[in-house]
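Now for the letters of each chain:
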Amino acid sequence: GTAAGGTSEKYLTTTELSKVAHLPYVAKLDEELLGGGQRDSTRRQPAGRYKALLPADSGEPLSFVGTNEPTSPVDVGASTLTIVAGHAIDGTGDAHDAMVSMTTARRNHLKVGSSFTVYDVVFVVKAIFDTKTDNGNDTIIVPLATEQRLTHHDNEVTSAIATADSLTQLSKVTGEIALALGPAANVTSDIAQANQALEIGRASCRERV
């Protein structure tokens, strides 16, 4: 099942999480760093042909998510994420590539191949996606390493979701993750919400407490 962990001001690290990625029965590890670009997303229009992004319809700054799994809807607080134009970025890379929601693209007159400025660097839109949720559609997705570098959070991760290869192994995997990260990490799982048809469960580990 999908777990909901707690939050704190301390970060997990990619070094710690590498122990989780190599555990038996862990099929994949989705790592993310949240929110670093919010304050930069509403800057005045920069010089040249590249634009700063407008805030959300609510007036709130856009959220930025760095992730190694850019098509995962969980990373943007949604249950679905569909790419409607272009191709998914390489979340394991370090490029200035971005995935932009349909809502944000429409508001800012962006399309695949367009450029915008944040963190004082130019990003290129590689894909446009839809999540059918306000929260997800007010989010820009970039590679994890890019977000870490530009926000000076090298090697740091806000949260991670480990996917077990079967429901029968989920409890065991959750326990082994807790042992690997130590007592200061918040590790939870929820078997009740696991996808019975695919027999896949997930354990979530969030910022250290």
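First, a word on what this report is: a plain description of the structure on this page.

The rules we used
- Residues numbered from 1 in each chain as written.
- Predicted model: local features only at pLDDT ≥ 70, side-chain atom pairs only at ≥ 80, totals over all residues.
- Heavy atoms only, no water.
- Helix = DSSP H or I, 4+ residues; strand = E, 2+ residues; numbered from the N terminus.
- Buried < 20%, exposed > 50% of the residue type's maximum accessible area, 1.4 Å probe, protein only.
- Areas by Shrake-Rupley, 256 points an atom, 1.4 Å probe, with all protein chains shown as cover.
- Contact = heavy atoms within 4.5 Å.
- Arc of directions from axis to C-beta.
- Salt bridge = Lys/Arg side-chain N within 4 Å of Asp/Glu carboxyl O.

When helices and strands are tallied, the protein chain shows four helices and 13 strands. Buried positions account for 49% of the 209 residues belonging to the protein chain. Counting only carbon and sulfur atoms, one obtains 51% of the accessible surface of the protein chain, whose full area is about 10000 Å².

Here the focus is the environment of isoleucine 128. Within the secondary structure layout, isoleucine 128 lies in strand S8 (residues 121-130). Remark: the alpha-carbon pair of isoleucine 128 and alanine 105, spanning 23 residues in sequence, is separated by 7.3 Å. Residue contacts for isoleucine 128: discarding those within four places in its chain leaves Thr82, Ile83, Val84, Ala85, Val100, Ser101, Met102, Ala105, Leu110, Lys111 and Val112.

The next subject is helix H1 (residues 14-21). All of the buried residues along H1 are Glu16, Leu17 and Val20. An end-on view of H1 places all buried positions within 90 degrees of arc, on one side of the element.

This paragraph deals with the pattern of salt bridges. A side chain with one charge can pair with a side chain of the opposite charge if their charged atoms come near. This structure, assessed with the given rule, holds three salt bridges. Between aspartate 138 and arginine 107 there is a salt bridge, with the nearest N and O atoms lying 3.7 Å from each other. Highlighted residues: aspartate 138 in the loop between S8 and strand S9 (139-143) and arginine 107 in helix H2 (residues 102-108), separated in sequence by 31 residues.

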